[in-house]
Amino acid sequence: KGAALMAALLQTPEYLESTRVWYRDRLRHLDTSTEHGKRARLMFLATEGAFMLRYFGLMEIDENEWQEMFHDMSRFLG
């Protein structure tokens, strides 16, 4: 079902554009000229990637590993 929703999103320009705007807005407030801003951007992208891998069923991630991953990412952000 998730893959079908993603395929529909990619085929519907108005939904795709609103998603692009949402992501652009999330990243727009980061100051990527600083190390912290660069790490925050990387953590955001890693979080999105992990979410997609898990919820589209591309990678089995149990709840314990899920929590560990986010703990590791938050430590990386510092």
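See above for the structure.
Student: Which parts of the structure should I look at to understand the environment of H29?
Tutor: The topology assignment puts H29 in the loop between α2 (13-28) and α3 (35-55). Each C-alpha atom of the pair H29 and R75 lies 21 Å from the other, and the pair is 46 residues apart in sequence.

Student: Looking at this structure, how should I read the pattern of salt bridges?
Tutor: Opposite charge on two side chains lets them pair, provided their charged atoms get close. The full count for this structure, using the stated rule, is 6 salt bridges. Linking E35 and R39 is a salt bridge whose minimum nitrogen-to-oxygen distance equals 3.7 Å. Taken together, the positions of E35 and R39, both in helix α3 and 4 residues apart, correspond to about one turn of that helix. Judged by relative accessible area, which is 52%, E35 ranks as exposed. Its salt-bridge partner being E63, residue R54 comes within 3.2 Å of it at the nearest N-O pair. According to the relative accessible area criterion, R54 is buried, its value standing at 18%. Through salt bridges with shared partners, a single ionic network connects E17, R20 and R24.

Student: Before we go on, may I ask you to explain the packing of α2 against α3 in this structure?
Tutor: Helix-helix packing is described using two parameters, namely the angle between the two axes and the distance between the axes. Running from N to C, α2 and α3 point in directions that differ by 145°, and their axes come no closer than 10 Å. Of the two possible hands of crossing, α2 and α3 adopt the one that is right-handed. Where α2 approaches α3, its residues W22, Y23, R26 and L27 are matched on the opposing element by R41, F44, E48 and M52.

Student: What is the right way to read the environment of E14 from this model?
Tutor: Positionally, E14 belongs in helix α2. In this structure E14 comes out as exposed when scored by relative accessible area, which is 53%. Here the alpha-carbon distance between E14 and A4, two residues 10 residues apart in the chain, equals 17 Å.

Student: Can you walk me through α3 in this structure?
Tutor: Three- or four-residue spacings in an α-helix give side chains the same orientation, since the helix completes a turn every 3.6 residues. The terminal C-alpha atoms of α3 lie 30 Å apart, and with 21 residues this matches the ideal 30 Å at 1.5 Å per residue to within 8%. Taken together, the buried positions of α3 are occupied by G37, A40, M43, F44, E48, A50 and R54. Seen end-on, α3 carries its buried residues on one side only, within an arc spanning 165°. Elements in contact with the buried residues of α3: α2 and α4 (63-77). Directly beyond the C-terminal end of α3, a positive phi value near 75° is found at G57.

Thresholds applied
- Residues numbered from 1 in each chain as written.
- Predicted model: local features only at pLDDT ≥ 70, side-chain atom pairs only at ≥ 80, totals over all residues.
- Heavy atoms only, no water.
- Helix = DSSP H or I, 4+ residues; strand = E, 2+ residues; numbered from the N terminus.
- Salt bridge = Lys/Arg side-chain N within 4 Å of Asp/Glu carboxyl O.
- Buried < 20%, exposed > 50% of the residue type's maximum accessible area, 1.4 Å probe, protein only.
- Axes fitted to C-alpha atoms, helices over the stretch in contact; angles between N-to-C directions.
- Left-handed = near helix turned anticlockwise from the far one by under 90°.
- Contact = heavy atoms within 4.5 Å.
- Expected span 1.5 Å × (residues − 1).
- Arc of directions from axis to C-beta.

Everything listed here is a matter of geometry and, on its own, says nothing about what the molecule does.
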